[in-house]
Amino acid sequence: MGWLIAAGCLAAAILLLGLVPVRLHLRLNQAGLQAQVFVELRVGWLRLTRAVALGERARRRTERVRRRLGLGRQDLRELLAASLPGLRYLGRATRCARFRVRVEVGGFDPCDSALLAGFGWSAVYGLLAQLGRWVVLEPGGVAVAVVPSFHRPVLRTDVDCILQVRLGKATWAAGMVLREAVRRRARLTRILQRQRRKGDRSGGR
């Protein structure tokens, strides 16, 4: 009888843990050729923050990590294809509570500024339509503004986005990704064998 009570308590604890909300807050600040992303992840009472600078240095660092892992472009495409079902499920379970975009564009003369502003509206609403295909958008949380600058050439983008999902659904999506990765075991085995061969060559030196 005692083990039934313990099993019931464990099942209830797992169920309550699955209902814990996960909140991802993303802020993008871009000006010219420089950009910075602020990430805040909240899982229940746990809070993690990170600021990442985007630019040529970040691209070189990402390329260095990819080469160190021995992942080719075909391998990355295979891993991405394996992740798509889980990502689609995660997108359907995710709610976008806030999506605010402000773009400031300007050219060398007022005609260029007006034309760039028109392109800016089209690009932002195209991005909004694609986002709406992946996640559920809250109508009251969407705000878009494209401001033309008639005084100087400029390109500045500010994005503020909040995504919310239950921990149980996020964990289920991660399980779907792992299951698809296991089904493509041959690809993953080939990657591991390539890494072992590289390690043997470096050890022989």
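Novice: Before we go on, may I ask you to explain the overall build of the chain in this structure?
Specialist: Scanning the chain for helices and strands turns up 6 helices and 7 strands. When contacts within the chain are restricted to residue pairs at least 6 apart in sequence, those whose partners lie at least 24 apart make up 71%. Per element, the accessible surface of the chain, about 14,400 Å² overall, is 63% carbon and sulfur.

Novice: How do you make sense of the packing of aromatic side chains when you look at a structure like this?
Specialist: Any aromatic ring pair is given by two values, namely how distant the centres are and how the planes are angled relative to each other. One pass over the full model with this rule turns up 1 aromatic pair. With centroids separated by 5.9 Å and ring planes inclined at 20°, the aromatic side chains of Trp121 and Tyr125 adopt a geometry described as stacked. On the criterion of helical spacing, the pair formed by Trp121 and Tyr125 is a turn pair, its members being 4 residues apart in helix α4 (residues 110-134).

Novice: Which parts of the structure should I look at to understand α4?
Specialist: Counting along an α-helix, one turn takes 3.6 residues, and residues three or four places apart therefore face a common direction. A rise of 1.5 Å per residue sets the reference length of α4, with its 25 residues, at 36 Å; its end C-alpha atoms lie 37 Å apart and thus fit the reference within 8%. Those residues of α4 lying buried are Ser113, Ala117, Gly120, Val124, Leu128 and Leu131. Looking at the packing, one finds that the buried side of α4 touches β4 (95-106), β5 (136-137) and β6 (142-149). The N-terminus of α4 is capped by Asp109, whose side-chain oxygen sits 3.0 Å from the backbone nitrogen of Cys111.

Novice: What am I meant to see in the nonpolar core here?
Specialist: Soluble globular proteins tend to pack their nonpolar side chains together in the buried interior. One finds Cys96, Phe99, Val101, Val103, Val124 and Val146 to be the most contacted residues of the largest nonpolar core, which totals 15 residues. The biggest single contributor to this core is β4, with 5 residues. What Val103 contacts, discounting residues up to four positions off in sequence, is Val124, Ala145, Val146, Val147, Leu155, Arg156 and Thr157.

Novice: How do you make sense of the pairing of β4 when you look at a structure like this?
Specialist: A regular strand places its side chains so that they alternate between the two faces of the sheet. When β4 meets β5, the two strands line up parallel, connected through 2 bridges. Bridge pairing in β5 links Cys96 to Leu137. Summarising the sheet, β4 and strand β7 (residues 154-166) pair through 11 bridges and their orientation is antiparallel. What sits directly across from Glu104, in β7, is Arg156.

Novice: So what exactly am I meant to see when it comes to a nonpolar patch on the surface here?
Specialist: A cluster of nonpolar side chains, contributed by Trp45, Leu46 and Leu48, occupies part of the molecular surface with about 420 Å² of accessible area. Mapped onto the elements, Leu46 comes out in strand β3 (residues 46-54). On the basis of relative accessibility, which here comes to 44%, the residue Leu46 falls in the partly exposed class.

Definitions and cut-offs
Residues numbered from 1 in each chain as written. Predicted model: local features only at pLDDT ≥ 70, side-chain atom pairs only at ≥ 80, totals over all residues. Heavy atoms only, no water. Helix = DSSP H or I, 4+ residues; strand = E, 2+ residues; numbered from the N terminus. Contact = heavy atoms within 4.5 Å. Areas by Shrake-Rupley, 256 points an atom, 1.4 Å probe, with all protein chains shown as cover. Phe/Tyr/Trp six-rings, centres within 6.5 Å; stacked < 30°, edge-to-face > 60°. Expected span 1.5 Å × (residues − 1). Buried < 20%, exposed > 50% of the residue type's maximum accessible area, 1.4 Å probe, protein only. Polar contact = N/O pair within 3.5 Å; in protein donor to acceptor, adjacent residues only side chain to side chain. Core = buried A, V, L, I, M, F, W, Y, C linked by side-chain atoms within 4.5 Å. Pairing = 2+ DSSP bridges. Patch = residues over 30% accessible without salt bridge, like charges linked within 9 Å, V, L, I, M, F, W, Y side chains within 5 Å. Salt bridge = Lys/Arg side-chain N within 4 Å of Asp/Glu carboxyl O.

Treat this as a map of the structure, not an account of what it does.
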